Amino acid sequence: MYKKAQTIQPWLTEVHQALHRIPELGRDLPETTAYVAERLDEMSVPHCPCAGGLVAELAGEPGAPVVALRADMDALPVEEATGLPQASCHAGKMHACGHDAHMACALGALRLLRGEGERAATLRVLFQPAEETDGGAAKMIEAGVLDGVSSALCLHVAPSLAVGQIGVISGPARGASDMFNVTLRGRGCHGAYPHLGADVVAGGAQIISALQLLVSRETSPLDPAVLTVGTFAAGTARNIIPDSARFEGIVRTLDPATRARTTARVRELVEGVAAALRLSAEVEFIEGYPALINDAEVAAAVRRVGARELGAENVITPPCPQLGVDDFACIAERVPGCYVDLGARRPGGVEEPLHSPRFYPDEGCLPVGAALIAAWAQSLM
């Protein structure tokens, strides 16, 4: 299948670059959905709108299992700095996470399977919105996209792996995500007379520093966890201590018990340290995606297909899970699923990470992804 996929490399590149030019955010994806629908129509693959995205289904043999492929569609609020001719046409928006490549691989797999005379499972492709924002997978699941599905697959470009390699892990693959917002209230005063106030800036700095102890001193080094504060806002002038401050952060964990304990301790620590510093604190938690757990049997099947198509030496087992998150976790909670890293490292130079304004995958990954999906659908027969 990989050799056949390589023959459609020009088409895959054209699709990828067209999608790269029109990045859109969240659930507001009119150009993206129109382009994907146009390509599906060209291949006579039935499709319908669903929860801000599209569902396409290519029927397999009578009685064949129905399997799902998730292809996320949304981009990021990033100003592109690649300088490429196919760079984003939309200011402040960019496919900096490779979702354009995921859609191209999905369309490529459908094209390969349309041209195959061999038996294959029914492939249901979930072109999903809002992976980067509020979780488009959950809305699509509510609409019934997993009805009758026996297993699910998701590919994600990985600049850490070379083109032609895939990374497959059994068990925990990505972390759970929780977000928190903290508002501190104190007493504003002149910066030259801090003893007359209650300083939310100095207090906030102490609280943020103390929060790091929840991972470094309360969590086992063998239990992956991350706590990051990414924003802090306070004040209007250098010589005024403000009345209030606000900061926002994330907690990433793998173990459910660690997740529950850490979120509880964030609230306890923030409120306790604030009180000790004569401040009040309001803590708001927003539950994010669950941990993404790869099913062992589906992962084994993907490894077998990958070894056959790419060579066993190119099927990499990552040394440990990562604490990035993906709402494919919601799909994998309901049906056996597997999240696969698709090698996309560009040769030479410094490799840009995902979400960088200079990120662009090596387009040689596109036939690899398309072939892997199509071969997996065939293997299930």
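Structure shown above.
Anyway, here's the lowdown on the structure attached to this text. For clarity, every value in this text was computed on a predicted model and none was experimentally measured. (Residues numbered from 1 in each chain as written. Predicted model: local features only at pLDDT ≥ 70, side-chain atom pairs only at ≥ 80, totals over all residues. Heavy atoms only, no water.)

### Structural notes on the side chain of glutamate 131
Defined as follows: Runs of H or I in DSSP of at least four residues are treated as helices and runs of E of at least two as strands, each being numbered from the N terminus. Each residue is assigned to one of three classes by its accessible area relative to the maximum for its type, calculated with a 1.4 Å probe on protein chains only: buried under 20%, partly exposed between the two thresholds, exposed over 50%. Counted charges follow a simple rule, with Lys and Arg positive, Asp and Glu negative, and His plus the chain ends left uncounted. Any Lys or Arg side-chain nitrogen located within 4 Å of an Asp or Glu carboxyl oxygen qualifies as a salt bridge. In what follows, residue pairs with any heavy atoms lying within 4.5 Å of each other are defined as contacts.
Topologically, glutamate 131 is positioned in the loop between β4 (122-128) and α5 (136-142). No salt bridge is formed by the buried glutamate 131, whose closest oppositely charged neighbour, arginine 70, lies at an N-O distance of 5.3 Å. The residues touching glutamate 131, leaving out its near neighbours within four places in the chain, are Arg70, Asp72, Asp74, His99, Gly136, Tyr289, Val325, Asp326 and Asp327.

### Observations concerning the sheet that holds strand β10 (residues 225-234)
Here is the rule: By this definition, two strands are paired if DSSP reports at least two bridges between them. The convention used is that axes are lines fitted to C-alpha atoms, helices contributing only their stretch in contact, and that angles between N-to-C directions extend from 0 to 180 degrees.
If you walk across this open sheet you meet the four strands as β10-β12-β8-β13, and the pairing is antiparallel. Two strands in the sheet have a free side with no partner beyond their single neighbour: β10 and β13 (280-287). Direction aside, neighbouring strands of the sheet carry axes that sit 20° apart on average. As judged from the ten bridges shared by strand β8 (residues 176-185) and strand β12 (residues 244-253), these two strands associate in the antiparallel manner. Paired with arginine 185 across the strands is serine 244, a residue of β12. Running over the sheet, helix α8 (residues 256-276) touches β8, β10, β12 and β13 and is turned about 160° from β13.

### Some details on the nonpolar core
Soluble, globular proteins show a tendency: their nonpolar side chains are buried together. The cut-off we apply is this: Only buried residues count toward a nonpolar core, which is a set of Ala, Val, Leu, Ile, Met, Phe, Trp, Tyr and Cys residues joined through side-chain atoms within 4.5 Å.
By size, the foremost hydrophobic cluster in this structure holds 66 residues, and its most contacted members are Val36, Leu40, Phe127, Leu153, Ile166, Val302 and Val340. Top contributing element to this core by residue count: helix α11 (residues 365-379), with eleven residues. Not counting chain neighbours up to four residues away, the residues in contact with leucine 40 comprise Val45, His47, Ala56, Leu107, Leu110 and Phe127. One finds Ile141, Val149, Ala152 and Ile331 within the second-largest nonpolar core, a separate group that totals 23 residues.

### Observations regarding unusual backbone geometry
If you check the backbone angles, arginine 278 has positive phi at about 65° while not being a glycine. Within the secondary structure layout, arginine 278 lies in the loop between α8 and β13. For histidine 355, which is not glycine, the phi torsion reads 75° and is therefore positive.

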